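Take a look at the letters that make up each chain.
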Amino acid sequence: MRVVSVHADRIDAAAVVRFKEDMRNAIQGASGRVILDLSAVAFIDSSGLGAIVASMKRMPEGQRLDLAGLTPIVEKVFRLTRMDTVFRLFPSTDAALRTQAA
Amino acid sequence: MTGALPVPDPAAGWPHGRRFTSVFRARAGDARDALRSVKQALRRAGIDPVRAGEVEIALTEAVNNVVEHAYGDPDAGFVRMNLTLRGGVLKVRLSDTGRPMPGECLPAGHPANLAVPRGMLPEGGFGWFLIRTLADDVRHERHNGTNTLSLQFRL
């Protein structure tokens, strides 16, 4: 299990190349579950959403990526695109940690 | 001193009254700066933060489309974004002189199909769906080599 925190207020088209690279490094070697703490992210666009999906797809079989601390606009983008049915969303990293990785 | 408080103007703080204009080069970094200035302008106008967030999502997707598809090269041209606020409606006109839309018409913007194995999940193609979901009216025209996307948002 590993918690990865995003230290950026936007995951947008201008940030996406760097974000994917940082995610690759942050996730590398993790086993089991990765919790992505998005509580510092005030805004995401569809390229940022795509980058999170890409990061999840790159994880080995048996690993999962859970998302925590989504701020209102970020949560709206996940819900509108129905990506909330692909990822498990938690109100905070603590809430995610309290829930078993099922 | 008169005792009367000024009536709050929903467009207060917008340059040129109720209009806000931003012209920027079609590159991701410049687009981000322009979208930040729009976000601040919406806040100054006193627009409900939830609706302002929805406007921000739709405009970002529209601007991304111009940057990536209409231009999409290092010699990117300019994008003009005009916002007009009147009677509880925000009208946005986004113009560029890049390539025409494929088929010269707006994409339908269907929701992405997520009923696929994990390795096949879509990493894009959400933009037009978000724009069409969040804006109340979406129109596109191409005239004399200029693409204009007009979006309306009820506030």
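Calculation rules
- Residues numbered from 1 in each chain as written.
- Chains lettered and ligands numbered in written order.
- Predicted model: local features only at pLDDT ≥ 70, side-chain atom pairs only at ≥ 80, totals over all residues.
- Heavy atoms only, no water.
- Helix = DSSP H or I, 4+ residues; strand = E, 2+ residues; numbered from the N terminus.
- Rg over C-alpha atoms; globule rule 2.2 N^0.38 Å.
- Buried < 20%, exposed > 50% of the residue type's maximum accessible area, 1.4 Å probe, protein only.
- Contact = heavy atoms within 4.5 Å.
- Areas by Shrake-Rupley, 256 points an atom, 1.4 Å probe, with all protein chains shown as cover.
- Lys, Arg positive; Asp, Glu negative; His and termini not counted.
- Charge placed at Lys NZ, Arg CZ, Asp CG, Glu CD.
- Pairing = 2+ DSSP bridges.
- Axes fitted to C-alpha atoms, helices over the stretch in contact; angles between N-to-C directions.
- Parallel < 35°, antiparallel > 145°, perpendicular 65-115°, else oblique.
- Left-handed = near helix turned anticlockwise from the far one by under 90°.
- Nonpolar A, V, L, I, M, F, W, Y, C, P; charged D, E, K, R; others polar.
- Expected span 1.5 Å × (residues − 1).
- Buried area = accessible area lost by both parts, 1.4 Å probe.
- Salt bridge = Lys/Arg side-chain N within 4 Å of Asp/Glu carboxyl O.

Along chain A, the regular secondary structure elements total 4 helices and 6 strands. For chain A, the N- to C-terminal ordering of α and β elements is β-β-α-β-β-α-β-α-β-α. A globule of 102 residues ought to have a C-alpha radius of gyration of about 13 Å, and chain A, at 12 Å, matches this closely. Expressed along its principal axes, the backbone C-alpha trace of chain A runs to roughly 30 × 25 × 25 Å. For chain A, the proportion of its 102 residues judged to be buried stands at 51%. When contacts within chain A are restricted to residue pairs at least 6 apart in sequence, long-range pairs at least 24 apart make up 76% of them. For chain A, the accessible area works out to roughly 4600 Å², and carbon and sulfur atoms hold 50% of it. Seen as two clouds, the 14 positive and the 11 negative side-chain charges of chain A have centres 4 Å apart.

Moving on to the sheet that holds strand β1 (residues 19–25) of chain B. All names here are of chain B. Taken in spatial order, the 5 strands make up an open sheet running β1-β2-β3-β5-β4, and their pairing is antiparallel. In this open sheet, the two edge strands, each paired with only one partner strand, are β1 and β4 (137–143). Each strand of the sheet is rotated relative to its neighbour by a mean of 15 degrees, with strand direction disregarded. In terms of strand pairing, strand β2 (residues 78–86) meets strand β3 (residues 89–96) through 8 bridges, oriented antiparallel. Looking across to β3, one finds that Leu85 is bridged to Leu90. Against the sheet, helix α2 (residues 49–71) engages β1, β2, β3 and β5 (146–154), with an angle of about 170 degrees to β5.

The subject of this paragraph is the packing of helix α1 (residues 16–27) of chain A against helix α2 (residues 46–58) of chain A. Residue and element names in this part refer to chain A. Relative orientation of the contacting elements α1 and α2 amounts to 25 degrees, with a least axis distance of 10 Å. Considering the angle they form, α1 stands roughly parallel to α2. Viewed along their axes, α1 and α2 form a crossing whose handedness is right-handed. Residues Val16, Phe19, Lys20, Met23, Arg24 and Ile27 of α1 lie in contact with α2, whose contacting residues are Ser47, Gly48, Ala51, Ile52, Ala54, Ser55 and Arg58. Residue classes in the contact of α1 with α2 are distributed as 7 nonpolar, 3 polar and 3 charged.

Another aspect to go through is α2 of chain A. Between the first and last C-alpha of α2 of chain A there are 18 Å, a value that for 13 residues agrees with the 18 Å anticipated at 1.5 Å per step. Among the 13 residues that make up α2 of chain A, 11 are buried, leaving the element largely enclosed by the rest of the structure.

This part is about unusual backbone geometry. Even without a glycine there, the phi angle at Arg82 of chain A is positive, about 65 degrees. Mapping Arg82 of chain A onto the fold places it in the loop between α3 (72–80) and β6 (89–90). One non-glycine residue, Asn144 of chain B, lies in the positive phi region at around 50 degrees. Tracing the sequence through the fold places Asn144 of chain B in the loop between β4 and β5. Judged by its relative accessible area of 73%, Asn144 of chain B falls in the exposed class.

This part takes up the sheet that holds β6 of chain A. Residues and elements named next belong to chain A. Strand order across the open sheet formed by 4 strands is β1-β3-β5-β6, with parallel pairing between neighbours. The open sheet is flanked by β1 (2–5) and β6, the only strands paired with a single partner. Relative to strand β5 (residues 64–68), strand β3 (residues 33–37) runs parallel, the two sharing 5 bridges. By the bridge assignment, Arg33 is partnered in β5 with Arg64.

Contacts between the two partners involve 27 residues from chain B, matched on the other side by 30 residues from chain A. Carbon and sulfur atoms make up 61% of the area that chain B and chain A hide from each other, which totals about 2400 Å². When the area that chain B buries against chain A is broken down by residue, the three leading residues are Arg32, Arg118 and Glu123 of chain B, summing to 28%. For the interface between chain B and chain A, the tally reads 5 salt bridges. Breaking the side of chain B that touches chain A down by element, the ones donating at least two residues are α1 (28–44), α2 and α3 (127–134) of chain B. The greatest single-element share of the side of chain B that touches chain A, amounting to 9 residues, is contributed by α2 of chain B. When the residues that make up the side of chain B that touches chain A are grouped by side-chain class, the tally is 12 nonpolar, 7 polar and 8 charged.

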